[in-house]
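# Secondary and tertiary structure notes
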Amino acid sequence: MKGKQLVLVLLLTTLCILNACADKDEESQSIVYENTKQHFTLDIPRKWKDKYTVLEAGNRITFSDKTNEPAGQLFMIEVWPKAKWDSEGEELAKIIHIAKLGEIGDAVYTFHTPSDVQYVPDDENKKQHYLSMFSDVKKIRNSFKLRQ
């Protein structure tokens, strides 16, 4: 009888461990954002599902926190002509949070975050929601890949 109980306990323990591993794998998976017009991809955390918007306007792609809209901007990717970036980019990087991600031909891809507060400071829930999402921005930036 004790042998059967031990087997049952081991079986349940194994199932719990496997279940915990499966949950972790699901959390670590990402949503791939692909911009076919500008030829790049980003890995967006799965926990962002249904919590963000993407606004594509010209050569600028803005990702925002839905909870804090019309503000809530998390980051932007902007495509610059190489000559403009070469003449203005370095100086601009001293003023705002902007960095070059890569380039293809005459296109320079930049990444920048807002320079002002993007949530209502008096609303603790909205503030925490925004800050939670913003904590993932560096990882998203590092996932940037150009497509040919």
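Residues numbered from 1 in each chain as written. Predicted model: local features only at pLDDT ≥ 70, side-chain atom pairs only at ≥ 80, totals over all residues. Heavy atoms only, no water.

A word on the sheet that holds strand β5 (residues 73-81). Within a sheet, neighbouring strands are paired by backbone hydrogen bonds and run either parallel or antiparallel to one another. The 5 strands are arranged β3-β4-β5-β7-β6 in an open sheet whose pairing can be described as antiparallel. Both outer strands of the open sheet, β3 (52-57) and β6 (98-104), are each paired with one neighbouring strand and no more. With direction set aside, neighbouring strand axes in the sheet form an average angle of 15°. Pairing of strand β4 (residues 60-65) with β5, which is carried by 5 bridges, proceeds in the antiparallel orientation. Counted as the bridge partner of R60 is E78 from β5. Running over the sheet, helix α2 (residues 82-95) touches β5, β6 and β7 (107-112) and is turned about 140° from β5. The strands that helix α3 (residues 124-134) touches are β3, β4 and β5; relative to β5, the one it contacts most, it runs at about 45°. (Pairing = 2+ DSSP bridges. Helix = DSSP H or I, 4+ residues; strand = E, 2+ residues; numbered from the N terminus. Axes fitted to C-alpha atoms, helices over the stretch in contact; angles between N-to-C directions. Contact = heavy atoms within 4.5 Å.)

Now for the pattern of salt bridges. In total, this model carries 7 salt bridges according to the counting rule given. Between E91 and K94 there is a salt bridge, and its shortest N-O distance comes to 3.7 Å. Remark: K94 and E91 occur in helix α2; sequence separation between them is 3 residues, near one turn of the helix. Exposure remark for E91: the relative accessible area of 48% places this residue in the partly exposed category. (Salt bridge = Lys/Arg side-chain N within 4 Å of Asp/Glu carboxyl O. Buried < 20%, exposed > 50% of the residue type's maximum accessible area, 1.4 Å probe, protein only.)

We now examine the packing of aromatic side chains. Across all of its chains, the model carries 12 aromatic pairs by this definition. When the centroid spacing of 5.7 Å and the interplanar angle of 55° are considered together, the rings of W48 and Y52 count as tilted. With respect to burial, W48 and Y52 carry one shared label: buried. Between W80 and W85, the ring centres sit 5.1 Å apart and the planes meet at 90°, which makes this aromatic pair edge-to-face. Just as W80 is buried, W85 falls in that class too. Grouping aromatic residues by their ring pairs yields a cluster made of Y33, F40, W48, Y52, F63, F75, Y109, F111 and F144. The ring of W80 has K84 sitting right over it, with the charged end atom 5.2 Å from the ring centre. (Phe/Tyr/Trp six-rings, centres within 6.5 Å; stacked < 30°, edge-to-face > 60°. Lys NZ or Arg CZ within 6 Å of the ring centre and 35° of its normal.)

Generally, phi is negative for residues other than glycine and the peptide bonds are trans, each holding for most cases. Cis geometry marks the peptide bond from E69 to P70, where omega comes out at 15°. Within the fold, P70 resides in the loop between β4 and β5. The backbone phi angle of H39 is positive, close to 65°, even though this residue is not glycine. Tracing the chain through its elements places H39 in the loop between β1 (30-35) and β2 (40-45).

Another aspect to go through is the nonpolar core. Across soluble globular proteins, you tend to see nonpolar side chains buried next to one another. Among the nonpolar cores identified, the biggest contains 21 residues, and F40, L42, I44, W48, F63 and F75 are the most heavily contacted of them. Listed by contribution, the elements that provide at least two residues to this core are β2, β4, β5, β7, α3 and α4 (137-142). Among the elements that make up this core, the one with the highest residue count is β5 (4 residues). Those residues within four positions of W48 in sequence are excluded, and the remaining contacts are L74, F75, M133, D136, V137 and I140. (Core = buried A, V, L, I, M, F, W, Y, C linked by side-chain atoms within 4.5 Å.)

Shape descriptors only; they carry no functional weight alone.
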